[in-house]
Amino acid sequence: MFKQIETSCSCGATGTVNKNLEIPLEKMACTSCGKENYVSNYYKMDIALSEFCNLKCQMCRRPSYAVFMDKDWCKSVMTEAAAIGIKVISFSGGEPFVHKGIWEILDHAFSLGLKIQLVTNGTLLRKEHIPVLEKLDCCTVSLDGMRDNHDKIRGKKGSWDRTIKTLEMYAESNIQWGTNTVIQKDNFTEIKELFNHIQKIGGNKYSYCGFSNVELVPETLHLALNKDEEKVAYEQLLAIKEDAQKTHTWFNDDILLTKYFQRFADKNTRVRPHGGCTLPTRFIGFSAHGFYPCWHIGKALKQKSLIEALMSPEAKEIVSSGLCKTCVGCNTFNYSWDEEWVNGVMKSFDTNENISYGVVALPNPFEEELSGATSGNTIDVEW
Ligand code: SF4
Ligand code: SF4
């Protein structure tokens, strides 16, 4: 599969090349000065700073023994990411703010001139952090219900109050922020009430709202909605979509959540985009365990250098399994990825191709056993 890719050189020359996507990263000579530059289709890197978290969400799957990302390694990889054309870096965890080096890491990320995004549970942020957070492209805060249910789902009393305090702080700032809610058994009746509450706090500062289904693996099956419960959630999503317009709050994944809700809700399917999945050529996950061109495939590239990793035969193999649709397939719509992916997936549904059925345990990307919260991956941080 080939794609037109824009190129630029430090000599000022710009152009396009017809890039073979089966080769994740290659060097090409500038047609003007002859300098060799890296050419790739990558645009986004997702960095899991650690698997530690200060909360214990019932749907969270983390290695039972957690590690922190090495700060200097993280900085050097981000520099490489910028050199190969990545434009967006998104930080997640665990909880990114339990990593002590996060402020230095963020400083470095901003210095590279990239768009920086972040996902947080919102419990550890203070007023003095606002000026740094205002430099983010966006900050997504996860909230999973009103006070009692949120605290139950999150496994820690007081977390709702703490996160709401953060949103109140955000509403007074210039941070571009939104929320994400994981729809599940314990919150499906109150997602509209929760949205109303956040809208009241944020008003026009509430930039976007997102909803996803709980990721279904054998251990989380009990959190899934049945058909009647799905209808209750669906009615509320329609109402949220309508109300969101009043405060100019962007309703993420409109098409999936409203037009194709049944496909979204049916977690029994795994699907690959019709023309082949190019995500492993566009996106790269990075954790203390290595580089993941696809989190779902779960194979880590262990090299220390991002460039060496993407030039390895193993990277080619992962990319090829996406393009050839031999990958495990996405457990539908836990992640909607982007428009190209969604269109490809919809076409697979329409033609009833590239679909596998049944909830499977996805390959484990970690050497340690995956579990929920354990004493090995939960960290107590004062808030
Ligand atoms: S325990 Fe909750 S807040 Fe922490 S990483 Fe998991 S889902 Fe996020
Ligand atoms: S599992 Fe397959 S379809 Fe899903 S993101 Fe990875 S390569 Fe694409």
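Residues numbered from 1 in each chain as written. Chains lettered and ligands numbered in written order. Predicted model: local features only at pLDDT ≥ 70, side-chain atom pairs only at ≥ 80, totals over all residues.

Student: I keep staring at the overall build of the protein chain and nothing clicks. Help me out?
Tutor: A tally of regular secondary structure across the protein chain gives 13 helices and 18 strands. Computed over C-alpha atoms, the radius of gyration of the protein chain comes to 21 Å, within 12% of the 21 Å expected from 2.2 N^0.38 for 383 residues, which places it in the range of a compact globule. Taken along its principal axes, the extent of the C-alpha atoms in the protein chain is 60 × 50 × 45 Å. The burial tally for the protein chain puts 38% of its 383 residues in the buried class. Across the protein chain, the fraction of contacts at a sequence separation of at least 24, relative to all contacts at a separation of at least 6, is 74%. (Helix = DSSP H or I, 4+ residues; strand = E, 2+ residues; numbered from the N terminus. Rg over C-alpha atoms; globule rule 2.2 N^0.38 Å. Buried ≥ 20, exposed ≤ 12 C-beta atoms within 10 Å, placed from the backbone. Contact = placed C-beta atoms within 7 Å.)

Student: How should I be thinking about the site of ligand 1 in this particular structure?
Tutor: Close contacts around ligand 1 come from Cys53, Leu55, Lys56, Cys57, Cys60, Gly93, Gly94, Glu95, Asn121 and Ala373, and that covers them all. Residues of the shell around ligand 1, tallied by class, amount to 5 nonpolar, 3 polar and 2 charged. (Near = placed C-beta within 6 Å. Nonpolar A, V, L, I, M, F, W, Y, C, P; charged D, E, K, R; others polar.)

Student: Could you clarify how one ought to interpret the domain arrangement of the protein chain in this entry?
Tutor: For an interface, size is often stated in terms of accessible area lost upon the parts coming together. Domain annotation of the protein chain identifies domain 1 (2-40) and domain 2 (42-383). Relative to domain 2, the C-alpha centre of domain 1 lies at a distance of 31 Å. Facing 7 residues of domain 1, the contacting portion of domain 2 comprises 14 residues. Along the lines of polarity and charge, the residues of the side of domain 1 that touches domain 2 split into 5 nonpolar, 1 polar and 1 charged. (Domains from an automatic or database assignment.)

Student: Which parts of the structure should I look at to understand unusual backbone geometry?
Tutor: As a rule of thumb, non-glycine residues mostly have phi less than zero, and peptide bonds are mostly trans rather than cis. Cis geometry marks the peptide bond from Gly93 to Gly94; its omega dihedral reads 15°. With respect to the element layout, Gly94 can be found in the loop between strand E7 (88-92) and helix H2 (102-111). The backbone of Lys325 sits at a positive phi, close to 60°, despite the residue not being glycine. On the basis of neighbour counts, which here come to 18 C-beta atoms within 10 Å, the residue Lys325 falls in the partly exposed class. Its identity is not glycine, yet Asn352 carries a phi of approximately 55°, on the positive side. Within the element layout of this structure, Asn352 appears in the loop between helix H13 (339-351) and strand E17 (355-357). Exposure remark for Asn352: the 7 C-beta atoms within 10 Å place this residue in the exposed category.

Student: Please explain the pairing of strand E3 (residues 25-29) as it appears in this structure.
Tutor: Residues in a regular strand project their side chains so that they alternate between the two faces of the sheet. By the bridge criterion, 5 bridges tie E3 to strand E4 (residues 36-40) in an arrangement that is antiparallel. Bridge assignment links Ala29 to a residue of E4, and that residue is Glu36. A loop of 6 residues connects E3 with E4, the two strands running antiparallel in sequence, and Gly34 in this loop sits at a positive phi of about 85°. (Pairing = 2+ DSSP bridges.)

Student: Where do I start with the site of ligand 2 in this structure?
Tutor: Every residue near ligand 2 is listed here: Arg272, Cys277, Leu279, Pro280, Cys294, His296, Ile297, Gly322, Cys327, Val328, Gly329 and Cys330. For the shell around ligand 2, the class distribution of residues is 8 nonpolar, 3 polar and 1 charged.

Student: Please explain the nonpolar core as it appears in this structure.
Tutor: Where a protein is soluble and globular, its nonpolar side chains tend to be buried together. Within the largest apolar cluster, 78 residues are counted, with the highest numbers of intra-cluster contacts made by Ile47, Ile89 and Phe291. Ignoring anything within four residues of it in the chain, the contact list for Ile47 reads Cys74, Ile89, Phe91 and Phe286. (Core = buried A, V, L, I, M, F, W, Y, C linked by C-beta atoms within 7 Å.)

Student: Help me understand the sheet that holds strand E16 (residues 330-331) in this model?
Tutor: Consider a sheet: its strands pair through backbone hydrogen bonds, and that pairing is either parallel or antiparallel. A sheet is described by the order of its strands in space; here 3 strands give the open sequence E16-E13-E17, paired in antiparallel fashion. Looking at which strands have only one partner, the edges of the open sheet turn out to be E16 and E17. Bridging between strand E13 (residues 269-271) and E17 involves 3 bridges; their strand directions are antiparallel. In the strand pairing of E17, Arg270 is matched with Ser356.

Student: Can you walk me through the packing of helix H5 (residues 159-171) against helix H6 (residues 191-202) in this structure?
Tutor: Contact geometry for H5 and H6: axes closest at 8 Å, N-to-C directions at 40°. When the interaxial angle is binned, H5 and H6 end up oblique. Seen from H5, the contacting residues are Leu167, Glu168 and Ala171; seen from H6, they are Ile198, Ile201 and Gly202. In terms of residue class, the contact of H5 with H6 is built from 4 nonpolar, 1 polar and 1 charged. (Axes fitted to C-alpha atoms, helices over the stretch in contact; angles between N-to-C directions. Parallel < 35°, antiparallel > 145°, perpendicular 65-115°, else oblique.)

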